[in-house]
Amino acid sequence: MAATDLHALLRQLRVWDPGTTELRPFDPAQAPAAPLPLFSTWFAEAVTAGQPEPHTMSLATTDEEGRADVRIVMLHGADAAGWAFGTHVTSRKGHELSAHPYAALAFYWPVLGRQVRLRGPVTAAPSQESQADLHARSTGALAAALTGLQSGVLPSLEELRKASRAAWERARADPAAPSPTWTLYRLRPEEIEFFQGDPERQHVRLRYVGEADGSWRKELLWP
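Residue numbers here run from 1 along each chain, matching the order of that chain's written sequence. Thresholds applied to this predicted model are a pLDDT of at least 70 for local features of residues and 80 or more for the giving and counting of side-chain atom pairs; totals over whole chains, interfaces and linings are not thresholded and use all residues. Think of the side-chain values as coming from all heavy atoms in the structure, minus any hydrogens and water.

This brings us to the pattern of salt bridges. Here, a salt bridge means any Lys or Arg side-chain nitrogen found within 4 Å of an Asp or Glu carboxyl oxygen. Overall, the coordinates contain 19 salt bridges when judged by the stated rule. The salt bridge involving Glu-22 is made with Arg-24; its shortest N-O contact spans 3.3 Å. Burial status follows relative accessibility: with a 1.4 Å probe on protein chains alone, a residue under 20% of its type maximum counts as buried, one over 50% as exposed, and anything between as partly exposed. Residue Arg-24 is classed as partly exposed on the basis of its relative accessible area of 25%. A salt bridge links Glu-193 to Arg-117; the shortest N-O distance between them is 2.7 Å. Of this pair, Glu-193 sits in strand 8 (residues 191-196) while Arg-117 sits in strand 6 (residues 114-124), and the two are 76 residues apart along the sequence. Take Glu-193: its relative accessible area is 6%, and that puts it in the buried class. The partly exposed category is assigned to Arg-117, whose relative accessible area is 41%. Each helix corresponds to a stretch of at least 4 residues labelled H or I by DSSP, and each strand to a stretch of at least 2 residues labelled E; elements are numbered beginning at the N terminus.

So, about the nonpolar core. Within the largest apolar cluster, 26 residues are counted, with the highest numbers of intra-cluster contacts made by Phe-107 and Val-116. Any two residues whose heavy atoms approach within 4.5 Å are treated as being in contact. The residues contacting Val-116, other than those within four sequence positions of it, are Phe-39, Trp-42, Leu-105, Ala-106, Phe-107, Trp-109, Ile-192, Glu-193 and Phe-194. Core analysis: the second largest hydrophobic core is formed by nine residues, Leu-134, Leu-146, Ala-167 and Trp-182 among them. Definition of nonpolar core: a set of buried residues of the types Ala, Val, Leu, Ile, Met, Phe, Trp, Tyr and Cys, connected through side-chain atoms within 4.5 Å.

Glancing now at the side chain of Arg-114. Along the chain, the position of Arg-114 falls in strand 6. Exposure remark for Arg-114: the relative accessible area of 3% places this residue in the buried category. Here a polar contact is taken to be a pair of N or O atoms separated by no more than 3.5 Å, where protein atoms must pair a possible hydrogen donor with a possible acceptor and residues adjacent in sequence count only if both atoms sit in side chains. Within polar-contact distance, the side chain of Arg-114 engages the side chain of Glu-45 at 2.6 Å. Only 2.6 Å separates the side chain of Arg-114 from the side chain of Gln-196, close enough to count as a polar contact.

Okay, helix 4 (residues 127-135) next. Here helix 4 has its buried residues at Ser-130, Gln-131, Asp-133 and Leu-134. Along helix 4, the residues classed as buried sweep out an arc of 155 degrees about the axis, all on the same side. Looking at the buried side of helix 4, the elements it contacts are helix 5 (139-147) and strand 7 (182-187). The arc in question is the one spanned by the directions pointing from the helix axis to the C-beta atoms.

Below you can see the structure in the form of structure tokens.
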């Protein structure tokens, strides 16, 4: 596609089409004192509204040289301990989290015109908890974890097919098969922003900032 075709296509696109998006009112004065209850409510509303894959999120990390990286991962849970996701400690993001255990997450639910952004330190769960998290998931998730060296250079697709077939056979035969490098990580947010889109572009942005005593300070941001 020529660059001019791309630009022409971009000019035709719009966000938050009324036919597919419901921009709901959001009164930050009614928001709870802590962000987790609001996140849980918004997540449930995204599911009910039919948002595809609402549990997927962008994970941003930095490498040893401070260069940014981002990818889509799946939320494994959210509680007082933090927002959880899993990956191999030997993967690219695993190495980056080892070098700089601080990251950012972003959820985008376009059916409601909403975003949630978090950033804070990241910690790795103990091996036993990480393996329990893996084995609580699907056979396919276990097979993927057993397949190979995530983020490593792959010589050929045929090698991937062979490794995948072997991993699926093992996962089906032994649902408790360990994947020693699989790790459950938790991001404990220092700040969380809730963004609600508005048809008049008067978007509501509410930020929670963690205080030293464990409480949260709420503040509004200009859109």
